[in-house]
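Tertiary structure, described
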Amino acid sequence: MNIAFLIYPGFTALDIVGPFDVLSRLPGANAAFIAKETGPVPNDNDVLQIVATETLAQRPKPDLFVVPGGTEGTMAAAQDEETLDWVRGAHEGSTWSTSVCTGSLILGAAGVLQGKDATTHWAMAEQLGATGATYKAERWVREGKIITAAGVSAGIDMALFLAAEIVGDTGAKALQLGIEYDPAPPFDSGSVAKATPEVLEAVQSVFT
């Protein structure tokens with residue numbers, strides 16, 4: 001399976017690394033990080049870099065592709081015609097088209113989500129709706145071959161669901177065990193419904 005992990009300046013690292021650690025381990029996976037240019041691509045806090053080994057043009061028709069989110073970098077990518085053209089072309093021939101967090105805004109800007117249910121980071125639900133999609137407050141949302149995941153860590157859940165669709169439940173469970181994905185966070189503050197007003201306000205301030 002030909003798998004493309006799209007990166008661009010300002011991506012959120014876990015958005016793409018989480019799904020990579022699941023999907024790149026699928027039997028027969030031929031995976032690559034791709035960008036407009038090869039070389040190091042900085043993440044959203046400009047501390048970590050991932051090396052793109054191929055350009056968009058080198059992998060135009062993946063079987064599966066993943067689009068990560070971010071903040072300012074994502075907004076820029078959602079207005080970049082070269083990136084959007086690649087997404088449109090990749091989606092036309094893909095078996096699976098996916099995004100994590102605000103990466104759905106890039107799918108939406110490319111016209112992929114028009115009239116479809118989708119999810120994104122909860123703080124960007126209104127922006128997702130502006131692309132013609134209907135926001136759903138779910139961990140992941142499937143619309144045919146399109147799967148969108150909610151914020152950041154939800155990309156791992158989405159990838160395991162997708163792995164089950166590709167190789168079956170046993171294979172996906174084996175991948176889950178292999179990466180020892182057994183969440184037990186020290187706090188129960190991972191959703192808007194559970195967060196205190198103080199925590200909610202602190203996070204909202206990042207997106208305003």
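As shown above, the structure is provided for reference.
Conventions adopted
Counting from 1, residues in each chain are numbered in the order their sequence is written. Totals for whole chains, interfaces and linings use all residues, but because this is a predicted model, local features are given only for residues with pLDDT of at least 70 and pairs of side-chain atoms are given and counted only at 80 or more. Think of the side-chain values as coming from all heavy atoms in the structure, minus any hydrogens and water. A run of DSSP states H or I qualifies as a helix once it reaches four residues; a run of E qualifies as a strand once it reaches two. Both are numbered from the N-terminal end. Throughout, a residue-residue contact means that at least one pair of heavy atoms, one from each residue, lies within 4.5 Å. Accessible surface area values rest on a Shrake-Rupley calculation with a 1.4 Å probe, where residue burial reflects the displayed protein chains alone. In this count, Lys and Arg are taken as positive residues and Asp and Glu as negative ones, while His and the chain termini are left out. A single reference atom marks each charge: NZ on Lys, CZ on Arg, CG on Asp, CD on Glu. By convention in these notes, a salt bridge is any Lys or Arg side-chain nitrogen within 4 Å of a carboxyl oxygen on Asp or Glu. Throughout, exposure labels follow a simple rule: accessible area from a 1.4 Å probe, protein chains only, divided by the maximum for the residue type, with under 20% read as buried, over 50% as exposed, and the rest as partly exposed. Whether two strands pair depends on DSSP finding at least two bridges between them. The axes are straight lines fitted to the C-alpha atoms, using for helices just the contacting stretch, and the angles between their N-to-C directions are given from 0 to 180°. A pair of aromatic rings is counted whenever rings of Phe, Tyr or Trp (Trp by its six-membered ring) have centres within 6.5 Å, and the orientation is called stacked for planes under 30 degrees apart, edge-to-face for over 60 and tilted otherwise.

Some remarks on the overall build of the protein
Broken down by element type, the protein carries eight helices and 11 strands. Seen through its principal axes, the protein has C-alpha atoms that stretch 45 × 40 × 35 Å. Within the protein, contacts between residues separated by at least 24 positions form 62% of all contacts whose residues are at least 6 apart in sequence. Accessible surface for the protein amounts to roughly 9900 Å². Of this, 53% is attributable to carbon and sulfur atoms. Treating the 12 positive side-chain charges of the protein as one cloud and the 25 negative ones as another, the clouds have centres 8 Å apart.

Some words on the pattern of salt bridges
Taken as a whole, this structure holds nine salt bridges when the rule is applied. For Arg59, the salt bridge identified is with Glu54, shortest N-O distance 2.8 Å. Given the relative accessible area of 17%, Glu54 is considered buried. A salt bridge links Asp85 to Arg88; the shortest N-O distance between them is 2.7 Å. Linking Asp85 with Arg88, this pair stays in helix α3 (residues 81–93), spanning three residues, or about one helical turn. Among the residues examined, Arg88 registers a relative accessible area of 29% and is labelled partly exposed. Look at the salt bridges and you will find they share partners, linking Lys36, Asp80 and Glu82 into a network.

Regarding the environment of Ile147
Here Ile147 lies in strand β11 (residues 146–149). Residue Ile147 is classed as buried on the basis of its relative accessible area, which comes to 0%. Along the backbone, Ile147 and Thr102 are 45 residues apart, and their C-alpha atoms lie at a distance of 13 Å.

Quick word on the sheet that holds strand β10 (residues 140–143)
Working definition: the strands of a sheet are paired by backbone hydrogen bonds and lie parallel or antiparallel to each other. With respect to topology, seven strands assemble into an open sheet ordered β5-β2-β1-β6-β7-β11-β10, the strand pairing being mixed. The strands lining the two open edges of the sheet, one partner per strand, are β5 (54–55) and β10. Across four bridges, the pairing between β10 and β11 is antiparallel. By the bridge assignment, Glu143 is partnered in β11 with Ile146. Those strands touched by helix α1 (residues 13–23) are β1 (2–6), β2 (30–35), β6 (64–67) and β7 (96–100), and its axis lies near 165° from that of β1. In the packing of α3 onto the sheet, the strands contacted are β1, β2, β6, β7 and β11, and the crossing angle to β6 comes to about 145°.

Here we look at the packing of aromatic side chains
Scanning the model with the defined rule gives five aromatic pairs in all. Summarising the aromatic geometry, the rings of Phe5 and Phe20 are spaced 5.2 Å apart at their centres and angled 75° between planes, so their arrangement reads as edge-to-face. Here Phe20 lies in helix α1 and Phe5 lies in strand β1, a separation of 15 residues in the sequence. Of the residues examined, Phe5 reaches a relative accessible area of 0% and is grouped as buried. In this structure Phe20 comes out as partly exposed when scored by relative accessible area, which is 23%. Relative to Trp86, the ring of Phe65 lies with its centre 5.4 Å away and its plane at 75°, an arrangement referred to as edge-to-face. Of this pair, Phe65 sits in strand β6 while Trp86 sits in helix α3, and the two are 21 residues apart along the sequence. In terms of burial, Phe65 and Trp86 fall into one category: buried.

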